[in-house]
Structures are given as structure tokens and as C-alpha cells.
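Chain by chain, the residues:
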Amino acid sequence: MMQIFAFYLFASIVLASGAFCIFSRNPVHSVLWLILAFFNAAGLMLLVGAEFIAALLVIVYVGAVAVLFLFVVMMLDIDFAELRAGFMKNLPLGLLLALVLVVEIIFGVGAWQSAGMGEATAAVGIAEGAPSNIEQLGALLYTKYIFLFEAAGLILLVAMVGAIVLTHRQRAGVRQQKIADQVARRPEDATRNTQPEVGKGVEL
């Protein structure tokens, strides 16, 4: 019974978070709704015994992809003064969402440790006493598919080196920052004191 309740709780919040992510006018709020959807999707993966997929959702998608989206959105031309002005107004909603996440974590851990979890995992093809899907995935990945795994690592390494090379290449017509000249610059060289006459502007 607890697994059924946890499933409907996680599934309903995933659907609601996805809808709010799409229809939210504020892009920052959209990313936060997306993070909430990822957390609840991880809870659904725990219910079916796929703890590795749940860990990937939290570590990769929430910890990397969603945070990257958030930083990109932060670089947009958004009126953050208006966002800060509504902080206290949205504080109860934020506390409510935090409370919902805590309750969901409690339900997810309780459903995982409950007595009926063995039957649920057996229904998806995991036998009693068999190694976990993380152990099976690791054994398969580092034995049968070891060369493909290493090839994927080499491709990612080449992509990283290529991105660094393209970033540091010299291009004509680009003004580069000279930190030594900026540090050595004196205040009297950067400012000029003038006493303009009344009714006249400053000559540039």
C-alpha cells in the first residue's frame, strides 16, 4: 500500500512540475520546477528498484544539467530587482515545496525498506539474492563493453581538448585584456579633475 501511495505521489508531482515548468513566465522558476520534476522522477526509479538511474537523475541531471540551465538563465537580461522584491511573497510557497521534498524522501526510503519491496523488485526481473543492478551494470560495463567505454572516454577527452584549443586560439581584431597594464595603472592617469565654468559642460 505504501508503494502505491508513493508512486501516485511522485507521479502526480512529476506531471505538475512539468506543467509548471512549461507554463511558467519566469525562466528561473521554470528551471526550479524542472529540478523538482527530476527529484520526483528519481523517486519513481527507486520504487522500481533502479537505484542507479535514480542516482544518475540526481547527480547528473539535477547536479549538472539543471544547474547549467540555471546559470545560463541567470546570464539572460532578467530584472532581478523585481525577483528579489517578490521573495517574501513567494517564501511560503518555497517552504511548502521544501517540505514536500522532505516528505517524499521519507516516503521513498520507507517504500524501499518496506516488506513488499522484494515482490516489487522481483516483478521487474530482479531475483531474490541477486546482485543489485549497479553491480550487474558495472560488471557488464567493465568486461564486455570495456573497449566501447574507453572509446567513449577518449572521445570526451578529445572534445574537451578541442574546446580548450578553440577558446585559447589567437584571432585578429579581438581586444584582449592585459591584467598587468590594469594593475600598473595609476589613479591620476585614469581620472582628470576639471573646473568647468558655470553654464558650460565638460570638454571630452
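Now for a quick tour of the structure. Throughout, a residue's number is its position along its own chain's written sequence, starting from 1. Only residues with pLDDT of 70 or above have their local features reported here, since the model is predicted, and side-chain atom pairs are shown and tallied only from 80 upward, although totals for entire chains, interfaces and linings are computed over all residues. With hydrogens and water stripped out, all remaining heavy atoms of the structure feed into the side-chain values.

This next bit is on the overall build of the protein. Put simply, DSSP H or I for four residues or longer makes a helix, DSSP E for two residues or longer makes a strand, and each gets a number counted from the N terminus. Check the secondary structure of the protein and you find ten helices and zero strands. Counting from the amino terminus, helix and strand elements in the protein follow one another as α-α-α-α-α-α-α-α-α-α. Here the protein holds 204 residues, and 18% of them are scored as buried. Any two residues whose heavy atoms approach within 4.5 Å at even a single point are treated as in contact. In the protein, of all internal contacts separated by at least 6 residues, the share reaching a separation of at least 24 is 65%. A 1.4 Å probe rolled over the protein chains alone gives each residue an accessible area, and that area as a share of the maximum for its type sets the label: buried under 20%, exposed over 50%, partly exposed in between.

Attention now moves to the nonpolar core. Put simply, a nonpolar core is a bunch of buried Ala, Val, Leu, Ile, Met, Phe, Trp, Tyr and Cys residues held in one set by side-chain atoms that sit within 4.5 Å of each other. Ranked by size, the top nonpolar core spans ten residues in total: Val28, Val31, Ile35, Phe38, Ala42, Ala54, Leu57, Val62, Ala66 and Val73. Elements represented by at least two residues in this core include exactly α2 (27-47) and α3 (51-74). Grouped together as the second largest cluster of nonpolar side chains are six residues, Ala6, Ala11, Leu44 and Ala111 included.

Each patch is built from salt-bridge-free residues with over 30% relative accessible area, joining like charges within 9 Å and nonpolar side chains (Val, Leu, Ile, Met, Phe, Trp, Tyr) within 5 Å. Using a 1.4 Å probe, the Shrake-Rupley method yields the accessible areas, and only the shown protein chains count as cover for residues. For this document, the term salt bridge refers to a Lys or Arg side-chain nitrogen within 4 Å of an Asp or Glu carboxyl oxygen. Taken together, the side chains of Phe39, Ile53, Leu56, Val58, Ile59, Val60 and Tyr61 present a nonpolar region at the surface, about 560 Å² in accessible area. Here the nonpolar patch takes six residues from α3, the largest share from any one element. Within the element layout of this structure, Ile53 appears in helix α3.

Once that is clear, we can look at the packing of α2 against α3. Throughout, an axis means a line fitted to C-alpha atoms (over the contacting stretch in the case of helices), and angles, computed between N-to-C directions, take values from 0 to 180 degrees. At a minimum axis separation of 8 Å, α2 and α3 run at an interaxial angle of 175°. Considering their axes alone, α2 and α3 lie roughly antiparallel with respect to each other. Contacts from Pro27, Val28, Val31, Leu34, Ile35, Phe38, Phe39, Ala41, Ala42, Met45 and Leu46 of α2 reach α3 at Glu51, Ile53, Ala54, Leu57, Val58, Tyr61, Val62, Ala66, Phe69, Leu70, Val73 and Met74. Gly is put with the polar residues, along with every residue not named as nonpolar or charged; the nonpolar set is Ala, Val, Leu, Ile, Met, Phe, Trp, Tyr, Cys and Pro, and the charged set is Asp, Glu, Lys and Arg. Considered class by class, the residues forming the contact of α2 with α3 number 22 nonpolar, no polar and one charged. When an angle is under 35 degrees it counts as roughly parallel; over 145 it counts as roughly antiparallel; between 65 and 115 it counts as roughly perpendicular; any other value is oblique.

On to the side chain of Asn40. Mapped onto the secondary structure, Asn40 falls in helix α2. Setting aside anything within four residues of it in sequence, one finds Asn40 in contact with Phe10, Ile13, Val14 and Glu104.

Paired rings are identified among Phe, Tyr and Trp, the last through its six-membered ring, by centres lying within 6.5 Å, and are further divided according to the angle between planes into stacked (under 30 degrees), edge-to-face (over 60) and tilted (the rest). Counted by the stated rule, this structure contains four aromatic pairs. Pairing Phe7 with Tyr8 gives two aromatic rings, centres 5.4 Å apart and planes at 70°, and the pair type is edge-to-face. On the basis of relative accessible area, Phe7 is assigned to the partly exposed category, the value being 42%. Residue Tyr8 is classed as exposed on the basis of its relative accessible area, which comes to 55%. Seen from their ring centres, Tyr142 and Phe149 are 5.2 Å apart, and the 70° between their planes marks the pair as edge-to-face. Assessed through its relative accessible area of 35%, Phe149 is described here as partly exposed.

Bringing the packing of helix α1 (residues 2-23) against α2 into the picture now. Two elements in contact, α1 and α2, have axes whose closest approach is 8 Å; the angle formed by their N-to-C orientations is 155°. With respect to α2, the element α1 is oriented roughly antiparallel. Judged by the sense of rotation from one axis to the other, the crossing of α1 with α2 is left-handed. Counted together, Gln3, Ala6, Phe7, Phe10, Ala11, Ile13, Val14, Ser17, Phe20 and Cys21 of α1 and Ser30, Trp33, Leu34, Leu36, Ala37, Asn40, Ala41, Gly43, Leu44 and Leu47 of α2 form the full contact between these two elements. For the contact of α1 with α2, a count of residues per class yields 15 nonpolar, five polar and no charged. Crossings are classed by handedness, with left-handed meaning an anticlockwise turn of the near helix from the far one by less than a right angle and right-handed meaning a clockwise turn.

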